[in-house]
Structures are given as C-alpha cells and as structure tokens.
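Summary of the model geometry
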There are 2 protein chains.
Amino acid sequence: MLRVMQDTAKRHLYQGKSIGFVPTMGALHEGHLSLVKRARSECDIVVVSIFVNPLQFGQGEDFERYPRDSEGDREKLLRARADILFAPDAAAQYPESFSTHVTVSALSERLCGAFRPGHFSGVTTVVCKLFHIVRPVSAYFGQKDYQQTVIIKRMVEDLNMGVEVVVVPTVREPDGLALSSRNAYLSPAERKAAPVLYRTLLAASQEVKAQAAPPVEIKARMHAALLQESLISEVQYAGVYDPATLEEATEFGKRTLLALAVKMGSTRLIDNLLVDR
Amino acid sequence: MLRVMQDTAKRHLYQGKSIGFVPTMGALHEGHLSLVKRARSECDIVVVSIFVNPLQFGQGEDFERYPRDSEGDREKLLRARADILFAPDAAAQYPESFSTHVTVSALSERLCGAFRPGHFSGVTTVVCKLFHIVRPVSAYFGQKDYQQTVIIKRMVEDLNMGVEVVVVPTVREPDGLALSSRNAYLSPAERKAAPVLYRTLLAASQEVKAQAAPPVEIKARMHAALLQESLISEVQYAGVYDPATLEEATEFGKRTLLALAVKMGSTRLIDNLLVDR
C-alpha cells in the first residue's frame, strides 16, 4: 500500500502533474470535504490520507475510541472527486525499529501543546512522513486546528520541504459550532450548549475590532463567558494571542488570534478566530 | 543560492535524471572524492554540498577552526567531474525563526553520541534539509563515520524519504590512518603515532575472525593497545559492537563492528572496521 502510493506519486510527479494532499484521521465531515474541494480546484491529482495516527495521541486520550467510518469516508471521497485514498496501517508506518521524530520547539509547547505533551511532535512526524510518501505540491489543513497549521508551516520552511501549506476556513454548523469528528462524543445536552465556544469568540472579536479593552480583559471575559456554561468542566485556555508566535498578546497587532480549548465532560473541544484590524 | 539549487534539482527530476548527492563539510580529501567517484558512476547528475553545519558542533568543539578551503575544494570537484557544488550559508539554512529538529533516538545516544550530545540530531536535521533541497535518488557517505550512516539510514527509512544511502569504504593513508579533515590538526609526532588506531582495529579483527576471545576481552586489549601510545590522552570508547544497534556485543553475530574514538591532544579521531565471519 505504502509502496504503491509512493510509486503512484512518483509517476504523477514525473508526468508534471501537481498533487494536492489532504491528510486526515477519517470520520470525514464537511470541514474535510471543503479541503478536498479546494485541492480539487487547485491541483491535477487529489490525494486524501486517512490515518488515525497513534503518535499524536497521549496516554489517556481518545485514540481507541476515535470515530472510524471507512465505508462512509470512501463514499464521501468518491462524491468529492478525490483521486486517491491512502489509508496506511499503523504497523507499516511505525515498525518496531521506528525511532525518528520531527519536532518544532516553542510553538509546539504553547496552547494545546501545554495540555497535550508530545501531540504536535506526533503530528509533525507523521505529516513529514506523509509528505515524503505523497509528494504534494500543496497540502490542505483546516483553520480549526490553527496551531497545527502554524507548526506545520514552520516545519516545511525549516526543513526546506517545498510544500505549500494551504489553510482553509473552518466550516461550522448553523448554530456556529465548528465541525469536528469529536463532536460525535457530545451528549444531546452538551451538543446544545457547545455553540457557546463560537459565541464567546465572536463577542471577543467585536471587542478586539473596537479595541474596547486590553487583551488581558478580553481574556478574562472569555473565561467568564465559558465558565457560565455549567456543562463546561474545564477551560484549558482562552484568550488573545499573537497569530505568528502563539504567545499571549499584550497589545493588538495587525492580526489577532482568539483561541480556546475546553472540556465538556470527557470531550475536548477547540476553536479559534483570526481577527484583522 | 538555495532557491537556485531547489529549482535545478526539480528540473533534473522532471527530466527523469537521477541525482547523486555527496554532502560534505568541505576540506575535501580522497575520502570525499571516492564518494564523488561512486556517485559519478551511478547517477546522471552529481551534486556535492559543502556546509560546515554549526548545528552538529557542540559547545567547545571545533566549529570555528574546522578546516575550510573553498578554492582547493572547487578545483578538486572540477577534476572529479561533479556537476553542481552547493555551498549554502548558515544564515540561509538557519534563520532566526528556525526551530525544527529531526532526531533519531537510541542510535544517536551511543558511541560518539555519548561524547557529543546533540551532534547526531544536528546531522540528521541538516541531512534532512539537504535531501529536500537536492532531491537525490542516492546519497553517499563514508564508512569512516559508520554511526552516522546507520542513523541516516534509520531516518530515511522512518521518514519514508525514498533516498538510497550508499556507504563507501574508508580511504586510508599508506600507513593505515583513515583520511579525515581533522588529521590536519595533528602535530608531526601525533601524525606519526596515529596509525595505532588502525593497527588496533586490525589486531582486534583477527581475534574476531578467529573468535579467539569473547568480545569483552577483545575490548580490553583494544583499550590497552591504545593506551600504550602516550600521545593518546583519552580513549572515549573502543570495543566490539552490534553493527545494527550499535550496542556492545556480548557474543559474535554474522557481522561485527569494531569501533573506537580517542583524543590525541585536542584532536578527536575515530575509526572503525566491519568484520564478517
């Protein structure tokens, strides 16, 4: 499977065809499909990988119960006119002798990284592998995982990988909840309450635009708004950040990142907005 | 320079030309030129990089005084019929924002790794970058840096880089001393004494072939032989190792690695032999 993918990629490369790549963990939703659509519009060949990457899950995280739906995924990708589905198995990706890691320091320790040690090293390692196998000209990632996009861009630049990293806007439910495969974990009551994340970001974005208050006050209001929702059991982070360094903003730049991560019961939800002045 | 190299590599790739790559730190000697010769015989285009990589030198090591001879190198490469000399500068390779590292665990901590913390991570990071820029089909490394070749092979396999790593036999002076740019540091007396490294390896290899003694005894005799030379100020390691894992051998396998690292004054010298039964 791996060898077939490599040979196919090479053949397309030699024929001068551009490969657009959408790496996913499956359980595909409209967010993923918007990435496929964008790749379809920009590249000759669209490759989608489905791989629930054990390396990016920490101990006690949801690797085992992460939603899997290979039949449904396959059908959705057919309809979205993806050309190639690459679904390697973990044993081939990580044989026993495996011992190489790609790490992006600093950026990987902030925001989600502080709560998921090793997570982003797992992400950059697998993305580096997948880029080598698939050889894309462009790779497509959702803005929902904003930190991930910043880290992958840094890796690509630092390692001279020559892949264009395209960030595609977050797709949301009508009530504002960002699409995520993990939304399937939510109870009906949690699902009903979950749009508070987006509402909190929207309210904060108004304040950023108006520069109605300093970042630290906006952060405090975000925390307060989230904690008013009794189904939120923990606010891991919420606040105003520099979109390049992911550090907490002390003043407003040209572009501001609003980002948050909360737990609703055992489900971890993240969301973010970029606000331009 | 970097962009030019990338575009050139891509052009050759699209034309179906095979690129053979010899990464070096310059101060070229016959050892390097044997790599170029091998690449020349196997590939359409031969690229040689010269880059004294700061990332692989530790504090207090010889980065500053490492021999540099760009004029002489250029001439040697012309004569050896290399096609492209790629000599990037450190500021382009490592801009201020640089924060990505490629590390191969376990293998990188053994032998030289124990005495040069961070060294092999510096090597794998730069080789990963160079492979992305140069896009070789095959890359050529000298057996003199045996541990380096094992680590790079592991990286290439783990990260699905699709580069063939070719290991070329060590080139030696008539008296047995392995060629190394660092031999230039040796005083006349040290230079005269230095062949004790190769003699020690040869004597040990006879014992391995005859299985005359268990590995631990051969190791002891190697240490004793080296320490008899008064100009050797430190034996960092010397012994019998598994050529795949680089761990100390407790019994003889099909293939045995004999390896050593010593200091002669301030000069660090390494050498090794592979012994087949």
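1. Some points on the overall build of chain A
Per the secondary structure count, chain A includes ten helices and nine strands. Its C-alpha atoms put chain A at 55 × 40 × 40 Å along the principal axes. The 277 residues of chain A split such that 42% are buried. The long-range fraction of contacts in chain A, counting pairs at least 24 apart against all pairs at least 6 apart in sequence, stands at 69%.

2. Regarding the pairing of strand E2 (residues 45-50) of chain A
Residues and elements named next belong to chain A. When you tally the buried positions in E2, you get six out of six residues, the bulk of the element. Burial along E2 is two-sided: Ile45, Val47 and Ser49 facing one way and Val46, Val48 and Ile50 facing the other are all buried. Pairing analysis gives six bridges linking strand E1 (residues 19-24) to E2, with the strands arranged parallel. Bridged to Pro23 within E2 is Ser49. For the crossover from E1 across helix H2 (residues 30-42) to E2, the handedness is right-handed. Both E2 and strand E3 (residues 84-86) contribute to a ladder of three bridges, which runs parallel. Bridge pairing links Ser49 to Phe86 in E3. What joins E2 to E3 is helix H3 (residues 70-79), and the crossover it makes is right-handed.

3. Thoughts on the sheet that holds strand E5 (residues 138-142) of chain A
Residues and elements named next belong to chain A. Ordered by their spatial adjacency, five strands build an open sheet running E3-E2-E1-E5-E6, and the pairing between neighbours is parallel. One side of each edge strand has no neighbouring strand; the edge strands of this open sheet are E3 and strand E6 (164-168). For this sheet, the mean inter-axis angle between neighbouring strands, taken without regard to orientation, is 25 degrees. Sheet strands in contact with helix H6 (residues 119-134) are E1, E2, E3 and E5, and its direction is about 145 degrees off that of E1.

4. What to know about the interface of chain B and chain A
With 24 residues of chain B at the interface, the matching set in chain A holds 24 residues. A total of five residues in the side of chain B that touches chain A trace back to one element, the largest contributor, which is strand E4 (residues 100-104) of chain B. Here the side of chain B that touches chain A is composed, by residue class, of eleven nonpolar, ten polar and three charged. In the sheet, strand E4 (residues 100-104) of chain A pairs with E4 of chain B via five bridges, with the strands oriented antiparallel. Residue pairing in the sheet places Val104 of chain A in a bridge with Thr100 of chain B of E4 of chain B.

5. Notes on the relation of the copies chain B and chain A
Overlaying chain B on chain A yields an RMSD of 0.0 Å, the required transformation being a rotation through 180 degrees with an accompanying axial translation of 0.0 Å. In symmetry terms, the pair is related by a two-fold rotation axis. In terms of proximity to the rotation axis, the leading residue of chain B is Val102 of chain B, whose C-alpha is 2.3 Å off the axis. When the interface residues of chain B are mapped onto chain A, 100% of them again lie at the interface, so the same face is used by both copies.

6. As for the domain arrangement of chain A
Residue and element names in this part refer to chain A. As far as domains go, chain A holds domain 1 (2-168) and domain 2 (181-276). Here the C-alpha centre of domain 2 lies 26 Å away from the C-alpha centre of domain 1. On the domain 2 side, the residues contacting the 13 residues of domain 1 number twelve residues. Classifying every residue of the side of domain 1 that touches domain 2 by side-chain character gives nine nonpolar, two polar and two charged.

7. Overview of the sheet that holds strand E6 (residues 164-168) of chain B
Residues and elements named next belong to chain B. Reading across from one edge, E3-E2-E1-E5-E6 is the order of the five strands in this open sheet, with parallel pairing throughout. Where the open sheet ends on each side, the last strands, each with one partner, are strand E3 (84-86) and E6. Adjacent strand axes in the sheet meet at a mean angle of 25 degrees when their direction is disregarded. With respect to the sheet, helix H2 (residues 30-42) is in contact with strand E1 (19-24), strand E2 (45-50), strand E5 (138-142) and E6, its orientation differing from that of E1 by roughly 170 degrees. The sheet strands contacting helix H7 (residues 146-158) are E5 and E6, and the helix crosses E6 at an angle near 170 degrees.

8. Describing the nonpolar core
Counting 150 residues, the largest nonpolar core has Val36, Val134 and Leu260 of chain A together with Val36, Val134 and Leu260 of chain B as the members making the most contacts within it. If near-sequence neighbours (up to four positions away) are discounted, Val36 of chain A is found in contact with Val22, Val46, Val48, Leu77, Ala80 and Ala82 of chain A.

9. So, helix H3 (residues 70-79) of chain B
Burial runs low along H3 of chain B: only one of the ten residues are buried. Among the residues trailing H3 of chain B, Arg81 of chain B stands out with phi positive, at a value near 60 degrees.

10. Points about the environment of Gln236 of chain B
All names here are of chain B. Residue position: Gln236 is located in strand E7 (residues 232-241). By C-beta crowding, Gln236 is classed as partly exposed, having 16 other C-beta atoms within 10 Å. The spacing of Gln236 and Lys209 is 27 residues in sequence and 24 Å in space, taken between C-alpha atoms. Every residue in contact with Gln236, bar those within four places of it in the chain, is listed here: Phe115, Ala261, Val262 and Lys263.

11. Digging into the environment of Phe86 of chain B
Residue and element names in this part refer to chain B. Considering the arrangement of structural elements, one finds Phe86 in strand E3. According to the C-beta neighbour criterion, Phe86 is buried, with 21 such atoms within 10 Å. Residues Phe86 and Val134 lie 48 residues apart in sequence; the distance between their C-alpha atoms is 8.8 Å.

12. Re unusual backbone geometry
The phi angle of most residues is negative, glycine excepted, and most peptide bonds adopt the trans form. Residue and element names in this part refer to chain A. In the Ramachandran plot, Leu111 falls in the positive-phi region, its phi being about 45 degrees despite a non-glycine side chain. Assignment of secondary structure puts Leu111 in the loop between E4 and helix H5 (112-115). The class of Leu111 is buried, set by 26 C-beta atoms lying within 10 Å.

13. Let's talk about helix H1 (residues 2-14) of chain B
Residue and element names in this part refer to chain B. Between its first and last C-alpha atoms H1 spans 18 Å; for 13 residues at 1.5 Å apiece the expected length is 18 Å, and the two agree. Burial in H1 covers these residues: Met5, Ala9 and His12. Looking straight down H1, one finds its buried side chains confined to an arc of 65 degrees; they lie on one side. Exposed side chains of H1 directed beyond 90 degrees from the buried face belong to Arg3, Val4, Asp7, Arg11 and Tyr14.

14. A short note on the confidence of the model for chain A
For chain A, per-residue confidence averages 97 on the pLDDT scale, and 100% of positions sit at 70 or higher. Reported for the predicted complex are a pTM of 0.97 and an ipTM of 0.97.

Reading guide: rules and limits
Residues numbered from 1 in each chain as written. Chains lettered and ligands numbered in written order. Predicted model: local features only at pLDDT ≥ 70, side-chain atom pairs only at ≥ 80, totals over all residues. Helix = DSSP H or I, 4+ residues; strand = E, 2+ residues; numbered from the N terminus. Buried ≥ 20, exposed ≤ 12 C-beta atoms within 10 Å, placed from the backbone. Contact = placed C-beta atoms within 7 Å. Pairing = 2+ DSSP bridges. Right-handed = clockwise from strand over helix to strand, strands pointing away. Axes fitted to C-alpha atoms, helices over the stretch in contact; angles between N-to-C directions. Nonpolar A, V, L, I, M, F, W, Y, C, P; charged D, E, K, R; others polar. Least-squares fit on C-alpha atoms with pLDDT ≥ 70 in both. Domains from an automatic or database assignment. Core = buried A, V, L, I, M, F, W, Y, C linked by C-beta atoms within 7 Å. Expected span 1.5 Å × (residues − 1). Arc of directions from axis to C-beta. pLDDT = per-residue confidence, 0-100.

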